Amino acid sequence: MPTTRNVAWDGRLQAFKGRDITHYVTTAADLAKTCASCRAPLETDEPVSLLVEITQSWAPDGTEYLTFTDAVCHRRCSGPVLTVRQTPWEPDTLSPVAARVLLTQKSKSGRTRVVPVLAFTFVPVLSFREDGGELTSALVALPLARGFQLAVSHDYAAILEQAAEADANCRITVAPEGLLRLRLDGEILYREQLHPGSADDAEWLQAVARAGHILVISGDNLNITETGLDIHAAAQHGTLVIGTVPVSGVGSFASAAQHRAQRHAR
Ligand SMILES: [Zn+2]
């Protein structure tokens, strides 16, 4: 039974993770706060086990897709576990978790600018492997190959400072009925139905229409909940990806949404 630092893991995991295994095991342990079995808090450096469930599917082009769901237990509560499930290839079952927020940035001249942000991640993390090569994270490797940047700070002011425009073939469109789509090289990486009647959506879209672009914050280990967006772990583990993407089609939808929101507010 291999052990990395204080974490025991199933040796078969090596074949799935390759070179990334040490990083994966220690990251999973760092992110876990409580034992998945007894629910008691995990102390730093106490002996723990890694429990991993992998789903494995193959796209028609032969690319292997893997999702990893992991949990951490006290060693006394459970030994390491690995389960692997083969599933049919279903590209539409990805489950993104997203947050839309507005950040404000002050320029050196003292002017304030509102930057619309779309943050999203996949839960569980999606990885793929082409032609038996290295395992690659879909939300880290794909955007980085298309002009996105790796953010090393979780500080939003630093992120706003660093963010640069992604490649020209990256684009966000908003269809008249409110369907937002992020495309990289023509492939849809993220889609979301916006709601014209929602005041939050209307406000965000107004900002998008004014800015003409969106700051995309993505990658793995983003913690997105009802109450907010936490990017500390992603920045710390080198899986936080940022980039500015131009938006088209938002004008007509944004003004329609504003009218509807105003009617609603009356
Ligand atoms: Zn326990």
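This structure is a prediction, so every number in the text was calculated from the model and none was measured.

K.L.:
Tell me what's going on with the nonpolar core, and back it up with residues and numbers.
P.N.:
The nonpolar side chains of a soluble globular protein tend to be buried with one another. By size, the foremost hydrophobic cluster in this structure holds 60 residues, and its most contacted members are Leu50, Ile214, Leu215, Val216 and Ile242. A per-element tally of this core places strand β7 (residues 112-122) first, with six residues. Domain assignment of the residues forming this core places at least three in each of domain 1 (3-90) and domain 2 (94-265). Look past the residues within four positions of Leu215 in its chain and what remains in contact with it is Val115, Val117, Ala163, Ile242 and Thr244.

K.L.:
Explain the domain arrangement of the protein chain to me, and be specific about the residues and the numbers.
P.N.:
Domains assigned within the protein chain are domain 1 (3-90) and domain 2 (94-265). Taken over C-alpha atoms, the centre of domain 1 sits 28 Å from the centre of domain 2. Facing 14 residues of domain 1, the contacting portion of domain 2 comprises twelve residues. With six residues, strand β4 (residues 64-74) is the largest single contributor of residues to the side of domain 1 that touches domain 2. In terms of residue class, the side of domain 1 that touches domain 2 is made up of five nonpolar, five polar and four charged.

K.L.:
Can you tell me about the pairing of β7, naming the residues and giving the values?
P.N.:
Of all eleven residues in β7, eight are buried; the element is thus mostly enclosed. Where strand β6 (residues 96-106) lies against β7, eleven bridges are found, and the strand directions are antiparallel. Paired with Ala98 across the strands is Phe120, a residue of β7. The antiparallel hairpin formed by β6 and β7 contains five residues in its connecting segment, where Gly110 sits at a positive phi of about 95°. Direction of pairing for β7 relative to strand β14 (residues 213-219): parallel, over a ladder of three bridges. Note on β14: the bridge partner recorded for Ala119 is Ile217.

K.L.:
Tell me about the environment of Gln236, and please be specific about residues and values.
P.N.:
Relative to the helices and strands, Gln236 resides in helix α6 (residues 232-236). Overall, the presence of 16 C-beta atoms within 10 Å leaves Gln236 in the partly exposed class.

K.L.:
So, helix α2 (residues 21-31): which residues are in play, and what are the values?
P.N.:
Listed as buried for α2 are Tyr24, Val25, Ala28 and Ala29. Viewed along the axis of α2, the buried residues span an arc of 125°, placing them on a single side of the element. If you follow the buried residues of α2, they end up packed against β1 (3-4), β2 (7-8), α1 (13-17), β3 (48-58) and β4.

K.L.:
Lay out the environment of Ser78 in plain terms, naming residues and giving numbers.
P.N.:
Along the chain, Ser78 falls in the loop between β4 and β5 (81-86). Accessibility expressed as a C-beta count within 10 Å gives 19 for Ser78, which makes it partly exposed. With 32 residues separating them in the primary sequence, Ser78 and Glu46 have C-alpha atoms 13 Å apart. Apart from the residues lying within four places of it in its own chain, the contact partners of Ser78 are Ser37, Ser49, Leu51 and Cys73.

K.L.:
I'd love a proper account of the environment of Gly133, names of residues and values included.
P.N.:
Mapped onto the elements of the fold, Gly133 is located in the loop between β8 (125-129) and β9 (136-137). Judged by the 10 C-beta atoms lying within 10 Å of it, Gly133 falls in the exposed class. C-alpha separation for the pair Gly133 and Thr63, spaced 70 residues apart in sequence, amounts to 9.9 Å.

K.L.:
Lay out the confidence of the model for the protein chain in plain terms, naming residues and giving numbers.
P.N.:
With 93% of its residues at a pLDDT of at least 70, the protein chain reaches an overall mean of 90. Helix α7 (residues 250-265) is the least confidently modelled element of the protein chain, averaging 63 in pLDDT, while β2 averages 98, the highest of any element.

K.L.:
Help me get a handle on helix α5 (residues 199-211), residues and values and all.
P.N.:
Here α5 contains 13 residues, and its C-alpha end-to-end distance of 18 Å stays within 8% of the 18 Å for a straight helix at 1.5 Å per residue. Looking at α5, one finds that the buried residues are Asp201, Ala202, Trp204, Leu205 and Val208. All buried residues of α5 fall inside an arc of 165° around its axis, so they share one side. Two residues or fewer after α5 comes Gly212, characterised by a positive phi angle close to 80°.

K.L.:
Please give an account of unusual backbone geometry that cites residues and values.
P.N.:
In the segment running from Val123 into Pro124, the intervening peptide bond is cis, with an omega of -5°. A positive phi is found at Asp45, a non-glycine position, where the angle reads about 70°. Counting through the fold element by element, Asp45 comes out in the loop between α2 and β3. Using a count of 9 C-beta atoms within 10 Å as the deciding quantity, one classes Asp45 as exposed. Located in the positive-phi region is Asn221, a residue other than glycine, with phi close to 70°. Along the chain, Asn221 turns up in the loop between β14 and β15 (223-225).

Rules and cut-offs
Residues numbered from 1 in each chain as written. Predicted model: local features only at pLDDT ≥ 70, side-chain atom pairs only at ≥ 80, totals over all residues. Core = buried A, V, L, I, M, F, W, Y, C linked by C-beta atoms within 7 Å. Buried ≥ 20, exposed ≤ 12 C-beta atoms within 10 Å, placed from the backbone. Helix = DSSP H or I, 4+ residues; strand = E, 2+ residues; numbered from the N terminus. Domains from an automatic or database assignment. Contact = placed C-beta atoms within 7 Å. Nonpolar A, V, L, I, M, F, W, Y, C, P; charged D, E, K, R; others polar. Pairing = 2+ DSSP bridges. Arc of directions from axis to C-beta. pLDDT = per-residue confidence, 0-100. Expected span 1.5 Å × (residues − 1).

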